[in-house]
Amino acid sequence: MTGKELQEKLAWKFPDIAERYPEQIETAGRFCEEYKQFLDRGKTERECVARAAEMLEAAGYRPFDRKASYRPGDKVYAVNRGKALIATTFGTEPAAAGLRLNGAHIDSPRLDLKPNPLYEKDGLALLKTHYYGGIRKYQWSTVPLSMHGVVYLEDGTKAEITLGEKDGEPRFCVTDLLPHLASEQNGRKLSEGIKGEELNVVIGSLPYEDTKDVKEAVKLKVLALLHEYYGMTEKDFIRAEIEMVPAYRAMDIGLDRGMVGAYGQDDRVCAYTALRAEIETKHPVHTTVTILTDKEEIGSVGNTGLNSDYVLHYIQKLAEREGADYKEVLEHSLCLSSDVNAAYDPTFSSVYETRNSCYVGKGCVLTKYTGARGKSSSNDASAEVMAKVVRIMDEAGVCWQTGELGAVDAGGGGTIAQFVAGLNVDVVDLGVPILSMHSPFELASKLDVYHTFLAFQAFYNAD
Ligand code: MN
Ligand code: MN
């Protein structure tokens, strides 16, 4: 055997998708046209759930009824408080043989309005915000923002807000200093370039028409318009959830159109690919449980986050209807914790370890562990789980790679995997490499998005 032959036999290098499957560049491009529409229509967890439910209904899914009888291939879904969703295709094997779980999150970093947000200062009307999730605050000023959310009025009716997405609608914005006056601000550390209490959103600049005996006429004009559009008063902000997010649409990046640039790809890229794979899975062996969850970005807390028991209770219902012990169901299940990872960025190479980073265009990334400071707060997937998932992807011809979240001690992070593992379920992280993660404009390779979809399809269809 020559040295070259031996090298081919023994050494391993992750393939480049465009080299291995050049014909898939076009397929991935088409797939991502629909992905971009999903991003544009779902900029909050509530909007993603509504859109997902529409897609599921159109594909024949019906609300899960624990008393109904289901046959293999039947499709159901359940919504948790309008902010999380679970979809299932019943398998030919009973639940006790184990489920195929796939959990992605549909919340993304953003600016939430405070409960009492509206004020006027020196002729401008502004909104106080409290950022949600890990953001680099300086990235969020001078970005056009749209307003999304729900508000409950005095009479109990719900008003839904989506303002700043359609052509012709107004947008909103956090201001920043001009360079001419920024010498003091320029001396701040980057993490304090814009401080939390400086993330104030401009919402108005004109006074109400009748200013006689009126203090704060600009604020009044804003209140008058909010009342005209949504029937709300200032008090109603307290019974509202309003999120300010980037107002632009998803777009192609690069002359070759190889990437998607958009807000909220962490983790709607996994949510969309999981949803598409779930819908296209017709006759799985194992019953599927596709979870689109909320609150991952702030630690999976709350009753719509994965650290609550809502998924456990759903699985208990699946088990009960078959007379199975849910503990046995959990023990035999396999889960993908589907979340993005940090793609290697040649401009900032020092925070990555090149041999264990994921790269744009080399496929979905299988992340054995996340965590920080010695794998702390991570689910460290076992060799057995890695072997199972690698086999499934290799047999389906899926391009995959491994990745750590940055070099050791460069930082770190967590996903939902630790909470799934807490249910006594085998789980590993898998997702899409992302550039500029958590910024208002994240990048993903279309080929990686497509191969993540292929990975989920293979996972659902495997025995
Ligand atoms: Mn994520
Ligand atoms: Mn994230």
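Keep in mind the model is a prediction, meaning the values are calculated, not measured.

Asks: What is the right way to look at the sheet that holds strand E13 (residues 259-262) in this model?
Replies: Pairing between the strands of a sheet is mediated by backbone hydrogen bonds and can be parallel or antiparallel. Within the open sheet, the five strands sit side by side as E12-E13-E23-E22-E16. Their pairing is mixed. The open sheet terminates on both sides in strands that have one partner only, identified here as strand E12 (251-253) and strand E16 (341-342). Relative to strand E23 (residues 442-445), E13 runs antiparallel, the two being bridged by four bridges. For Gly 261, the partnering residue across the bridge sits in E23 and is Leu 443. Of the strands in this sheet, E12 and E13 touch helix H3 (residues 24-41), which is tilted by about 5° from E13. Helix-sheet contacts for helix H12 (residues 446-461) involve E12, E13, strand E22 (433-435) and E23, and the interaxial angle to E23 is about 65°.

Asks: Explanation requested: the coordination of the manganese ion (ligand 1) in the structure shown.
Replies: Ideal geometry at a metal centre gives angles of 109.5 degrees when four donors are arranged tetrahedrally and 90 or 180 degrees when six donors are arranged octahedrally. Coordination sphere of the manganese ion (ligand 1), protein contribution only: His 105 (NE2), Asp 266 (OD), Asp 339 (OD) and Asp 339 (OD), at 2.1 to 2.5 Å. Mapped onto the polypeptide sequence, the residues donating to the manganese ion (ligand 1) form the spacing pattern H-x160-D-x72-D. Between the manganese ion (ligand 1) and the manganese ion (ligand 2), a separation of 3.2 Å is found, and both are coordinated by Asp 266. Taken together, the residues span a long stretch of sequence, with His 105 in strand E4 (residues 100-105) and Asp 339 in the loop between strand E15 (334-338) and E16 at a distance of 234 residues. Accessibility assignment for this pair places His 105 and Asp 339 in one class, buried.

Asks: Looking at this model, I keep getting lost on the pattern of salt bridges. Mind explaining?
Replies: Oppositely charged side chains may form a pair once their charged atoms are brought near each other. Applying the stated rule across the entire model yields 34 salt bridges. We note a salt bridge from Lys 36 to Asp 252, for which the minimum N-O separation is 2.7 Å. Linking Lys 36 in helix H3 with Asp 252 in strand E12, this pair joins segments that are 216 residues apart in sequence. Given the relative accessible area of 9%, Lys 36 is considered buried.

Asks: What exactly am I supposed to notice about the packing of aromatic side chains here?
Replies: We describe a pair of aromatic rings using the distance from one ring centre to the other and the angle between the two ring planes. Scanning all chains against the criterion turns up 18 aromatic pairs. Seen in terms of ring centroids, Tyr 248 and Phe 441 are 5.6 Å apart; in terms of plane orientation they differ by 80°. Their pairing is edge-to-face. One end of the pair, Tyr 248, is in the loop between strand E11 (240-246) and E12; the other, Phe 441, is in the loop between E22 and E23, and 193 residues separate them in sequence. Judged by relative accessible area, Phe 441 falls into the partly exposed class, the value being 24%. Over the ring of Phe 459 we find Arg 100; its NZ or CZ atom is 5.9 Å from the centre of that ring. Over the aromatic face of Phe 453 sits the side chain of Arg 276, whose NZ or CZ is 5.7 Å from the ring centroid.

What counts and how
- Residues numbered from 1 in each chain as written.
- Chains lettered and ligands numbered in written order.
- Predicted model: local features only at pLDDT ≥ 70, side-chain atom pairs only at ≥ 80, totals over all residues.
- Heavy atoms only, no water.
- Pairing = 2+ DSSP bridges.
- Helix = DSSP H or I, 4+ residues; strand = E, 2+ residues; numbered from the N terminus.
- Contact = heavy atoms within 4.5 Å.
- Axes fitted to C-alpha atoms, helices over the stretch in contact; angles between N-to-C directions.
- Donors = N, O, S within 2.8 Å, 3.2 Å for Na, K, Ca; no water.
- Buried < 20%, exposed > 50% of the residue type's maximum accessible area, 1.4 Å probe, protein only.
- Salt bridge = Lys/Arg side-chain N within 4 Å of Asp/Glu carboxyl O.
- Phe/Tyr/Trp six-rings, centres within 6.5 Å; stacked < 30°, edge-to-face > 60°.
- Lys NZ or Arg CZ within 6 Å of the ring centre and 35° of its normal.

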